[in-house]
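Spelled out, the chains give:
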Amino acid sequence: IKQAKKQTKIKIIMIIRSIVPPMAVLFCCRSPFPTVASFQWTSTRSRYHDHGSLVLAATTSTPSSSSTDSSSTPSQPSKQPSKQPSHSLNPIVADVKPSKTVEIFSLVKEMQAAGETVTSLCVGEPDFLPPQAVLDATVAAVTAGDTRYTAVTGTLELRNAIAQDLHRRKGVQYNPANEIVVGNGAKQCVYQGVLATCGAGDKVLVPAPYWPSYPEMVKLASAEPVIVQTNADSGYLITPQDLRATLESHPEIKLIILCNPSNPTGGVYHLEQLQAIANVLQDFPNVLVLADEIYERLVYDGDCPSFAAVDGMFSRTMTVNGFSKAYAMTGMRLGYVAAPLPLAKAITTIQGQLTSCAGSISQAAGVAALTQVTDKELEANVQIMKQKRDYVLEELSKIPNVKVAMPPNGAFYVLPDVSAYFDGDDAQLCLELLKAKKTGNRSWVQFWSSRDRAIELCHKHGRTWHGHEKVERILGRAKLERTIK
């Protein structure tokens, strides 16, 4: 009987060995043949597996009078006192603020998912569909099975299209083979540009008001943001005088982030203003420029040149652009950075270790956007945006004590001063709008480091009329409550 039991155990071991990698089975042997008293599936790591794997642990119980009886209950492993993980985080993360825009937009989506009707004016996203050529190219790519990895920098077809577009419209020439990197949205391209050029001990100049992610990206790169205040008199654009003074007082500045047109003010740097900035930078040859030009096709009056096209600036400029705003391809997450070879190579190295390539289907859609969508089609959308901007400005002017210091000339944002309401607490106003009137907006607190208080409204197609009526109602109620109090 004992011999039969031993043979049975041996058969069990052989079966286990046939279905589990030998090195993944832990045996405690007491004789020439492994004896199995209990089995326990555990999640562990081993030097044979670089990922979490299920390991079958075969253990034997401590010898006792009952352990020799095959019918006895298998012994249970002794319980060790559980230790709570420390969850120690990178100190850099502790200093980074979460995106309030993302938080408000997430709350909007939660309310919409719950069946509530919410007018979202908080996120920089057109509410019209991408052009038909883009939609058709997306379907064609899916149907053709174009779902494989591409080169880290993107398909050559897309990089060629980007290079041709930049040369045709902006007058700058990039080598599509090695000076253009396609990423998962312009946001990733901005961060990789910062990370490729800045680190501990470096500083980055950021004009205010600014997109809230800029200083946080700088912190993630272990660098320090230097915020330069602007005002309505200059159109919320940095002046050559302020630029020079800041560079002289902060010699550690290695990079300037220049958003043109500006998010959130809608201010546009025209050629003469860009040239004035370039003239200052001639005296600071080690300072680079990250030109975020994602809104450059949404300009209502005049033009929006590329900073890289300004005399002497090509060799020190990283140009970031994408497809989210002009082509309404926000969810496709497709952007790019064009830069001189040393900078593009560094950005490629970073992206190769982070996300690899952008989505192949999105890239196919991007090719269609640049090669099949006409300028006339895009201009039609700009004119619609301009009409909405004018309507929003007119309606805001009817609300007492609400002022717009500078009408936007680009992008699709309006930044009204609402400091006369809610005791100047613009964040509270945004929350009140969301809860009481189901309207999502962005507070200016994140865009502006001090002083005035304002909220940001994205003026879009069908949402604008209904959304701004809600804004007017809630401000009217706030004024009444304040008067009564």
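That block above? That's the structure.
About the cut-offs
- Residues numbered from 1 in each chain as written.
- Predicted model: local features only at pLDDT ≥ 70, side-chain atom pairs only at ≥ 80, totals over all residues.
- Heavy atoms only, no water.
- Helix = DSSP H or I, 4+ residues; strand = E, 2+ residues; numbered from the N terminus.
- Contact = heavy atoms within 4.5 Å.
- Areas by Shrake-Rupley, 256 points an atom, 1.4 Å probe, with all protein chains shown as cover.
- Phe/Tyr/Trp six-rings, centres within 6.5 Å; stacked < 30°, edge-to-face > 60°.
- Buried < 20%, exposed > 50% of the residue type's maximum accessible area, 1.4 Å probe, protein only.
- Core = buried A, V, L, I, M, F, W, Y, C linked by side-chain atoms within 4.5 Å.
- Axes fitted to C-alpha atoms, helices over the stretch in contact; angles between N-to-C directions.
- Left-handed = near helix turned anticlockwise from the far one by under 90°.
- Nonpolar A, V, L, I, M, F, W, Y, C, P; charged D, E, K, R; others polar.
- Pairing = 2+ DSSP bridges.

**Q** Honestly, the overall build of the chain in this entry has me stumped. Any pointers?
**A** Scanning the chain for helices and strands turns up 14 helices and 15 strands. Considering only contacts within the chain whose residues lie at least 6 apart along the sequence, 72% involve residues at least 24 apart. On the chain, roughly 24,100 Å² of surface is accessible, and the fraction owed to carbon and sulfur atoms is 55%.

**Q** Explanation requested: the packing of aromatic side chains in the structure shown.
**A** Aromatic ring pairs are defined here through the distance separating the ring centres and the angle between the ring planes. Following the criterion strictly, the structure yields 7 aromatic pairs and no others. With centroids separated by 4.8 Å and ring planes inclined at 35°, the aromatic side chains of Tyr174 and Phe314 adopt a geometry described as tilted. With Tyr174 in the loop between α5 (156–170) and β5 (180–183) and Phe314 in the loop between β9 (288–292) and β10 (317–322), this pair connects stretches of sequence that are 140 residues apart. Residue Phe314 is classed as partly exposed on the basis of its relative accessible area of 26%. For the pair Tyr295 and Phe412, a centre-to-centre distance of 5.7 Å together with 85° between the ring planes defines the contact as edge-to-face. Here Phe412 lies in the loop between α12 (375–397) and β12 (413–414) and Tyr295 lies in the loop between β9 and β10, a separation of 117 residues in the sequence. Residue Tyr295 shares its accessibility class with Phe412, and that shared class is buried.

**Q** Even after reading the chapter, I still don't get the nonpolar core, so can you show me in this structure?
**A** It is characteristic of soluble globular proteins that their nonpolar side chains tend to be buried jointly. Counting 39 residues, the largest nonpolar core has Val204, Tyr214, Leu255, Ile257, Leu290 and Met318 as its most contacted members. Residue assignment for this core shows that the elements contributing at least two residues are α6 (186–197), β6 (203–208), α7 (213–220), β8 (253–259), β9, β10, α10 (341–354) and α12. In terms of residue count, α6 provides more of this core than any other element does, 4 residues in total. Setting aside chain neighbours within four positions, we find Val204 in contact with Cys198, Val218, Ala223, Glu224, Pro225, Val226, Leu255 and Ile257. Core analysis: the next-biggest nonpolar cluster, separate from the first, contains 27 residues, Ala308, Val367, Leu370 and Val373 among them.

**Q** So what exactly am I meant to see when it comes to the packing of helix α4 (residues 132–143) against helix α11 (residues 360–371) here?
**A** Each pair of packed helices can be summarised by the angle the axes make with each other and by the distance between the axes. Where α4 meets α11, the axes come as close as 8 Å, and the angle between the chain directions of the two elements is 145°. For the pair α4 and α11, the crossing hand works out as right-handed. Every residue of α11 that contacts α4 at Ala133, Val134, Ala137, Thr138, Ala141 and Val142 is listed here: Ile361, Ala364, Ala365, Ala368 and Ala369. For the contact of α4 with α11, the residue count by class is 10 nonpolar, 1 polar and no charged.

**Q** I'm lost on the sheet that holds β6 in this one. Help?
**A** Ordered by their spatial adjacency, 7 strands build an open sheet running β5-β11-β10-β9-β8-β6-β7, and the pairing between neighbours is mixed. Here the strands that pair on one side only, and so sit at the sheet edges, are β5 and β7 (224–229). Mean inter-strand twist for the sheet, computed between neighbouring axes without regard to direction, equals 20°. Each of β5, β8, β9, β10 and β11 (335–338) touches α6; the most contacted strand, β10, lies at about 165° to it.

**Q** Is there a simple way to explain the side chain of Lys219 in this structure?
**A** Tracing the backbone shows Lys219 in helix α7. The contacts of Lys219, once residues within four sequence positions are left out, are Ile92, Asp95, Val96, Lys97 and Pro225.

**Q** What is the right way to read the environment of Phe412 from this model?
**A** For Phe412, a relative accessible area of 0% corresponds to the buried category. Taking the C-alpha atoms as reference points, Phe412 and Lys388, 24 residues apart in sequence, are found 8.9 Å from one another.

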